[in-house]
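Descriptive structure summary
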Amino acid sequence: MGYGIIELPAFRFAGVAARVPMQFEGENPAIEELTRSITPEQRTEMHRLMGEAFDSLPHEVLNVSWDSDTNFQREEGMLTHMIGVATTVPAAEVGTGLSTLEAAAGVWAVFPSDGPFPQAMQQTTASIYGEWLGTVPYELNGFRMFSFSNIREDGTAYSEIWVPVRRA
């Protein structure tokens, strides 16, 4: 499994968040509903914020997941999910209607994925937690992750999954 390790200074996520059911396979209807709930004003503000991030961060709309009832180990319970962007704009300057989540300075493992959407990305995520972590000198640094997907017309996508890690 290919991956990269990148060290990042502190930043924050800003977007629209909700508690959603944990779902490992297929498109999550609760996340689809969250996507539909984003207003034009929120989209405009997210695009403004996205422009205020350092180059190491993806300048993409992100899916951020954290606070899982099962630490992402079982397909049950709930997690908090945000559709948003990474930014360095201070939280006090983030427009109304958007939530923020702080990301401390640290090391992130970055996993590229390319193939049928969302299956290839979900298989990569499962391999990170089920295989990769047991074979490298890293462990999770909190139970949070973010990803983005550039979906093509043929139903495939290039995706990246970012997971905070520290030396074991």
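For the structure, see preceding data.
Presented here is an overview of the structure given in this document.

Parameters at a glance
Residues numbered from 1 in each chain as written. Predicted model: local features only at pLDDT ≥ 70, side-chain atom pairs only at ≥ 80, totals over all residues. Heavy atoms only, no water. Helix = DSSP H or I, 4+ residues; strand = E, 2+ residues; numbered from the N terminus. Buried < 20%, exposed > 50% of the residue type's maximum accessible area, 1.4 Å probe, protein only. Core = buried A, V, L, I, M, F, W, Y, C linked by side-chain atoms within 4.5 Å. Contact = heavy atoms within 4.5 Å. Phe/Tyr/Trp six-rings, centres within 6.5 Å; stacked < 30°, edge-to-face > 60°.

Attention shifts here to the environment of Thr 39. Here Thr 39 is to be found in the loop between α1 (29-36) and α2 (40-50). Using a relative accessible area of 29% as the deciding quantity, one classes Thr 39 as partly exposed. C-alpha separation for the pair Thr 39 and Val 20, spaced 19 residues apart in sequence, amounts to 19 Å.

With 18 residues, the main nonpolar core has Phe 11, Phe 13, Val 64, Trp 108 and Phe 146 as its most contacted residues. Every element with two or more residues in this core is listed here: β2 (11-21), β3 (62-66), β4 (78-87), β5 (99-103), β6 (106-116) and β8 (144-151). Sorting elements by how many residues they give to this core places β3 first, with 3 residues. When near neighbours in sequence (up to four residues on either side) are disregarded, Phe 11 contacts Phe 54, Leu 57, Ala 86, Thr 87, Leu 101, Glu 102, Ala 103, Trp 108 and Phe 146. Formed by 16 residues, the second largest nonpolar core is a distinct cluster that contains Ala 14, Val 20, Met 46 and Leu 98.

Here the focus is the environment of Pro 112. Residue position: Pro 112 is located in strand β6. Between the alpha carbons of Pro 112 and Phe 148 there is a distance of 9.9 Å; along the sequence they are 36 residues apart. Setting aside its immediate chain neighbours within four residues, Pro 112 contacts Gly 2, Tyr 3, Thr 124, Tyr 158, Ser 159 and Glu 160.

With the rule as written, the count across this model stands at 11 aromatic pairs. Measuring from centroid to centroid gives 6.0 Å for Phe 11 and Trp 108, while their planes differ by 45 degrees, and the two rings are tilted. With Phe 11 in strand β2 and Trp 108 in strand β6, this residue pair connects regions lying 97 residues apart in the sequence. The exposure class assigned to Phe 11 is buried, which follows from its relative accessible area of 1%. Assessed through its relative accessible area of 2%, Trp 108 is described here as buried. Seen from their ring centres, Trp 132 and Tyr 138 are 6.2 Å apart, and the 10 degrees between their planes marks the pair as stacked. The residues Trp 132 and Tyr 138 share a single accessibility class, namely buried.

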